[in-house]
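Here's the letter readout for the chains.
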Amino acid sequence: MKHTLVLPCDLNDKLYSVASNASVLSRWTSIGVKTINDMLLKIIDDMNNTFYKLNITDVRFEGKNVIRSKISNLGKESVYAGYLEADNGVIDGLFFYIPPSLDSANDILSRQVIPGLMGIFSGVYDSTKDLHLNNRPIYIVNLNELSRMNQRSVKINIIFSKLMGFNYLDLFGNEYEDIITDDFCDLSNNIEMIDDLITDNGTHSNDYFVLDPYSKTLKVLANKLNKSKNPTAEIYRFILKVVPSIYIGLKEGYTIDISDLNTITNDIDSLKMMKIHILKLLGG
C-alpha cells in the first residue's frame, strides 16, 4: 500500500529559516542535500529504505490545526507532528521530527513527541485495549545537524523512545546505541543510564526510582516532579524515562510501586494521562 507523508507547515518554515545558513548547508551537503526539496526527498527515501513497508510516494504540507484534528489530538496542537496517510485515506502512522539547529539536550524528543502523544492518548485510552501509549506506529526523524545530537543525555532520550516502541531515524547517521554497555532491555541497566545510581544494601536509587533487585520491586519516585520549577516540561521528560522502565519492569516480573505519585499536587493533564496509562498497565 502506498502512503503520503503529511507534514506540518511549520517544518517547511523551519527548513527555510536555516536553508541559507552556511554551517547548516555544509552538513546538508555531507548527506547529499543541497535544497529544501532535496531534504524532503531525503526524508522519504531514508524512511522507505529503513521502514520498507511504508512505501511513501508523495508528501504534502498541512496546517497544525488540521493535523491535530486528523490524528485526534485532544491536547494542544503540535508543530512537530504529522502522519502517514494510506492511499485509501486511513492514517497508518504518526510522524514526528527533531528540527534543524535545535540546541537543547534535555528537551530533545520530550518536547517534540510526548505532548502530542499524550493529547492523542487522552482521546483513546478508554476505548483501546492496547497497553502502549501510541495507538499507531510512531516514526521520529532527526533533522538536527548540530553536534548536540551526540550528547549522552540526547542519546538516553532516543534509547528510551525506542524502548517505548517508537521508530527512530537519524538522517545524519549519528550513533546513539554506543552508550549501551549491557543488555538493551535489562531494567537495572536502563535505569542506570538515566542518572548515577546510589547503592545502599543492594537497592539502587536516583531521582526517578528505587530499584530492589532482590524483592524485584520498582518504586517510582515523584522527586523530579515535586521539585521542578517547570512541572509541565518536567512531566514530559519524566514520561519518557519512567514509562519504558515500567514496561521493562513488568516484562521482568517486577512489582511496580507508584504510591509516591500521590504526593504530587498539580493537576496537569499530561500527568493525569500518565497515571491513567500506568494504572492501565498495572491492571487497574
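Everything discussed here concerns the structure shown above.
All values derive from a computational prediction rather than experimental measurement. Residues take numbers from 1 onward in each chain, read along the sequence in its written order. Reporting of local features is limited, given that this is a predicted model, to residues whose pLDDT is at least 70; pairs of side-chain atoms are given and counted only at 80 or more, and all residues count toward the totals for whole chains, interfaces and linings. With hydrogens and water stripped out, all remaining heavy atoms of the structure feed into the side-chain values.

## Considering the packing of helix α5 (residues 114–124) against helix α9 (residues 231–251)
- At a minimum axis distance of 10 Å, the contact between α5 and α9 shows a crossing angle of 80°. The angle between the axes of α5 and α9 places the two elements in the roughly perpendicular class. Note on element contacts: α9 touches α5 through Y236, I239 and L240, opposite I114, P115 and M118.
- By the convention adopted, Pro, Cys, Tyr, Trp, Phe, Met, Ile, Leu, Val and Ala count as nonpolar, Lys, Arg, Asp and Glu as charged, and the other residues, Gly among them, as polar. Class assignment for the residues of the contact of α5 with α9 results in six nonpolar, no polar and no charged. Lines fitted to the C-alpha atoms define the axes, with helices restricted to the stretch that makes contact. Angles between their N-to-C directions range from 0 to 180 degrees. Secondary structure elements are defined from DSSP: runs of H or I of at least 4 residues count as helices, runs of E of at least 2 residues count as strands, and each element is numbered from the N terminus. Note that the term roughly parallel is reserved for angles under 35 degrees, roughly antiparallel for angles over 145, roughly perpendicular for angles of 65 to 115, and oblique for everything else. By definition in these notes, contact holds between two residues if any of their heavy atoms fall within 4.5 Å.

## Section: the packing of aromatic side chains
- Pairing of aromatic rings covers Phe, Tyr and the six-membered ring of Trp, with a centre-to-centre limit of 6.5 Å; geometry is then stacked below 30 degrees between planes, edge-to-face above 60, and tilted otherwise. Considering all chains together, one arrives at six aromatic pairs under this definition.
- Ring geometry for F51 and Y139: centres 5.0 Å apart, planes at 65°, overall edge-to-face. With F51 in the loop between α3 (36–50) and β2 (56–62) and Y139 in strand β5 (residues 138–142), this pair connects stretches of sequence that are 88 residues apart. As far as burial versus exposure is concerned, F51 and Y139 are alike and both buried.
- Look at Y208 and F209: their rings are 6.2 Å apart centre to centre, the planes differ by 35°, and that puts the pair in the tilted class. In this pair, the class of Y208 matches that of F209, namely buried.
- The structure contains a cluster of three or more aromatic residues connected by ring pairs, namely Y208, F209 and F238. Buried residues are those whose accessible area, probed at 1.4 Å on protein chains only, stays under 20% of the maximum for their type, while exposed residues exceed 50% and partly exposed ones sit between those limits.

## Focus: the side chain of D170
- Among the structural elements, D170 can be located in strand β6 (residues 167–170).
- Note that His is not counted, nor are the chain ends; the positive residues are Lys and Arg, and the negative ones are Asp and Glu. What makes a salt bridge here is a side-chain nitrogen of Lys or Arg within 4 Å of a carboxyl oxygen of Asp or Glu, nothing more. No salt bridge is formed by the buried D170, whose closest oppositely charged neighbour, R27, lies at an N-O distance of 6.4 Å.
- Pairs of N or O atoms are called polar contacts if they sit within 3.5 Å, as long as, within protein, a hydrogen donor faces a hydrogen acceptor (for residues adjacent in sequence, only side-chain-to-side-chain pairs). One polar contact links D170 to Y168, side chain to side chain, over a distance of 3.4 Å.
- A distance of 3.1 Å separates polar atoms of two side chains, one belonging to D170 and the other to N174.

## Focus: the sheet that holds β2
- Two strands pair if DSSP finds at least two bridges between them. Within the open sheet, the six strands sit side by side as β2-β1-β3-β4-β5-β6. Their pairing is mixed. Two strands in the sheet have a free side with no partner beyond their single neighbour: β2 and β6. Here the strands of the sheet are splayed against their neighbours by 25° on average, with no regard to which way each runs.
- Note that strand β1 (residues 3–8) and strand β3 (residues 81–86) share four bridges and pair antiparallel. Considered in β3, the bridge of L5 is made with L84.
- Helix-sheet contacts for helix α1 (residues 9–18) involve β1, β2 and β4 (91–98), and the interaxial angle to β1 is about 70°.

## A short note on the layout of surface pockets
- Using a grid of 1 Å spacing that covers the protein atoms alone, one calls a set of points a cavity when a 1.4 Å probe fits there but cannot get out, and a pocket when the set is open and has protein on both sides within 12 Å along at least five of seven lines; lining residues are those with an atom within 4 Å of a point. Grid points are joined across faces, edges and corners, and a volume is the space filled by probe spheres set on the points. Put simply, the largest pocket is a space of about 560 Å³.
- Lining the largest pocket are 24 residues, with K76, E77, P115, G116 and Y236 sitting closest to its centre.
- Secondary structure elements with two or more residues in the lining of the largest pocket: α5, α9 and α10 (269–281).
- Top element by residues in the lining of the largest pocket is α5. It accounts for five residues.

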